[in-house]
Amino acid sequence: MLKIKKEKESNKVPRSVQQAIPIKKIYEDGTFQVGWNKYSKTFRFKDINYMVAGREEQERMFLGYGSILNLLDYACFPKITIINRKLNKIDFENKVKIPVGNDKLTKYRKEINDMLLHNSTEAQGIIQDKFLTITIDKKHLEDANNYFNRTETELGNSFAKLDSKLTELDIKERLRIFYDFFRSGEEDLYSFDMKATMQKGHSFKDYICPDTFEFKTDYFKMGNRYGRVLFIKEFANFIRDDIISELTELNKNMMLSIDMKPVPMEEAIKMAENKRMGVETNIARWQKSQNENNNFSAEIPYELQKQREESKEFLDDLVTRDQKMFLATITLVHTADTKEELDNDTETLKGIAGKHLCQLGELKYQQLDGLNTVMPYGVKKIEVTRTLTTESLSVFMPMKVQEVQDTHGIYYGKNVISKNMILINRHELLNGNSFILGVSR
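Residues numbered from 1 in each chain as written. Predicted model: local features only at pLDDT ≥ 70, side-chain atom pairs only at ≥ 80, totals over all residues. Heavy atoms only, no water.

S.K.: Please provide a residue-by-residue account of the overall build of the chain, values included.
M.R.: Counting its regular elements, the chain contains 14 helices and 15 strands. A separation of at least 24 residues holds for 76% of the contacts in the chain among residues at least 6 apart in sequence. Per element, the accessible surface of the chain, about 23,700 Å² overall, is 49% carbon and sulfur. Each charge sign in the chain was given a centre, from 67 positive and 66 negative side chains, and these centres are 4 Å apart. (Helix = DSSP H or I, 4+ residues; strand = E, 2+ residues; numbered from the N terminus. Contact = heavy atoms within 4.5 Å. Areas by Shrake-Rupley, 256 points an atom, 1.4 Å probe, with all protein chains shown as cover. Lys, Arg positive; Asp, Glu negative; His and termini not counted. Charge placed at Lys NZ, Arg CZ, Asp CG, Glu CD.)

S.K.: Before we move on, can you summarise the side chain of Thr346 with the specific residues and values?
M.R.: With respect to the helices and strands, the residue Thr346 is situated in helix H12 (residues 339-355). What makes Thr346 buried here is its relative accessible area of 1%. In terms of polar contacts, Thr346 uses its side chain to reach the side chain of Arg228, at 2.7 Å. Discounting chain neighbours no more than four positions away, the residues touching Thr346 are Arg228, Leu230, His334 and Glu362. (Buried < 20%, exposed > 50% of the residue type's maximum accessible area, 1.4 Å probe, protein only. Polar contact = N/O pair within 3.5 Å; in protein donor to acceptor, adjacent residues only side chain to side chain.)

S.K.: How would you sum up unusual backbone geometry? Please name residues and give values.
M.R.: The backbone of Asp163 shows a phi angle near 65°, a positive value even though the residue is not glycine. Mapping Asp163 onto the fold places it in the loop between helix H5 (141-161) and strand S6 (166-168). A relative accessible area of 54% means that Asp163 is categorised as exposed. Residues other than glycine seldom take positive phi values, yet Asp322 does so here, at roughly 55°. Tracing the sequence through the fold places Asp322 in the loop between helix H11 (302-319) and strand S11 (325-336).

S.K.: Which residues make up helix H6 (residues 171-182), and what values go with them?
M.R.: Compared with the 16 Å implied by 1.5 Å per residue over twelve residues, the 17 Å span of H6 between its first and last C-alpha is a close match. Counting buried residues along H6, nine of its twelve residues qualify, which places the element largely inside the surrounding structure. Of the positions making up H6, those classed as buried are Ile171, Arg174, Leu175, Ile177, Phe178, Tyr179, Asp180, Phe181 and Phe182. Where H6 begins, the capping side chain belongs to Asp170, and its oxygen is found 3.2 Å from the backbone nitrogen of Lys172. (Expected span 1.5 Å × (residues − 1).)

S.K.: Could you give an account of the nonpolar core, with specific residues and numbers?
M.R.: Core analysis: the biggest nonpolar cluster contains 55 residues, and Leu393 and Phe396 have the highest contact counts within it. In terms of residue count, the dominant contributor to this core is H5 (six residues). Residues within four places of Leu393 in sequence aside, it is in contact with Tyr65, Leu69, Ile258, Met260, Phe326, Ala328 and Leu388. Listed in part, the 38 residues of the second largest apolar core include Ile21, Leu175, Tyr190 and Met198. (Core = buried A, V, L, I, M, F, W, Y, C linked by side-chain atoms within 4.5 Å.)

S.K.: Quick rundown of the packing of aromatic side chains? Include the residues and the values.
M.R.: A complete count under the given rule lists 15 aromatic pairs for this structure. Taking the centre distance of 5.6 Å and the plane angle of 55° together, the rings of Phe192 and Tyr207 count as tilted. With a gap of 15 residues between them, Phe192 in the loop between H6 and helix H7 (194-200) and Tyr207 in helix H8 (residues 204-208) connect regions that are remote in the sequence. Relative accessible area serves as the criterion here: at 4%, Phe192 is assigned to the buried category. Using a relative accessible area of 25% as the deciding quantity, one classes Tyr207 as partly exposed. Between Phe213 and Phe215, the ring centres sit 5.0 Å apart and the planes meet at 20°, which makes this aromatic pair stacked. Phe215 gets classed as partly exposed once you look at its relative accessible area, which sits at 26%. Three or more aromatic residues link up through ring pairs in this structure, and these residues are Phe181, Phe182, Phe213, Phe215 and Phe220. (Phe/Tyr/Trp six-rings, centres within 6.5 Å; stacked < 30°, edge-to-face > 60°.)

S.K.: Give me the pattern of salt bridges: which residues, what numbers.
M.R.: In total, this model carries 28 salt bridges according to the counting rule given. Note that Asp317 is salt-bridged to Arg321, the shortest N-O span being 2.9 Å. In this structure, a network of salt bridges that share partners links the residues Asp218, Lys350, Glu362 and Lys364. (Salt bridge = Lys/Arg side-chain N within 4 Å of Asp/Glu carboxyl O.)

S.K.: Can you break down a nonpolar patch on the surface residue by residue, with the values?
M.R.: A contiguous nonpolar surface patch, about 220 Å² in accessible area, is contributed by Ile98, Ile112 and Met115. Mapped onto the fold, Met115 is located in helix H4 (residues 106-122). (Patch = residues over 30% accessible without salt bridge, like charges linked within 9 Å, V, L, I, M, F, W, Y side chains within 5 Å.)

In short, shape yes, function no, at least from these values alone.
Here it is, written out as structure tokens:
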């Protein structure tokens, strides 16, 4: 176990920064302690080609994602986070550039490298990463790690069935998520050394946090950048499964998180039965009032009929269709260089949500709590929840399209959905053979 030593009083980072990073302890394997007997772990999962798949294949993926949600334990607090981050140009160049060498083919290698760099600048330059963070209440770190290992095995098998892959993040990889967000523009400088930090007696928060934090009524400022946390406060009765992909299409640094809390089946059924009983009581009272007025043929109002149908359907989902009940919260944070740009991006995001008949709201006087919620620390600080079944929650599909960018890969064009480059190293494939079809010129 490795724990970062606390700093002396004279070296502490500002209080606002300490509150903005609600991590108590960090461990070498990537585990965070985020509260009293609360531990969290983050896993990266590989994207799949959901948006470009056929209808039958999409249904298979949709049901497969629902089965993953059903595997989530009642004792845990899962969070799915989608992160848009700027492309690290140095890493990208090292990844795709061909060694020039010094022979008769050197000029051709230089020409290919120039073509790759030209196409990389024309691409969006935004890479999308997807993570699953799980928080669990355990008295000891060993108990928490046993739970994480067991959960990783179970969920990993389900992700594999979707042609995805679940990978555990170590401490360096996990801290980089926050470093890239808080220190936008300095991504190339990340080189966190845990042992060196401990020897100096520094806090890891010094390394990843911005220089300053200012929280206003409905936005915040970190360093020279502006940010705002939004949340979905009104849901439509019918939502398409592309709402999350459209919200995260904005070519900006942003994060979107879906916090979930599975409700135990006994408690969920009891809540659904109480809801149905309340609706039936309201209908009985209405009918009684009509009978007292000698109006025996009056039809039940549409609103009460709708509530009766919805409560029955919800109870049937839990009892006969093997679905779980979840308490879900959807938040997102986006950043910009200026306040004007931030406001314009906010209006764009609200317009996208409005197209899906949903309503995005700005957190008033809760920007710090909202930021702590949307970041993949493993905590939830705001109480804005919506009761959903497994099927309803699956509509907020985080899968979009798979990026193919192999190290030293050959450029094959651009991804139709993400507009990023397709780089394939055929030597890494199970079968490196291929054929090309085209029209002669």
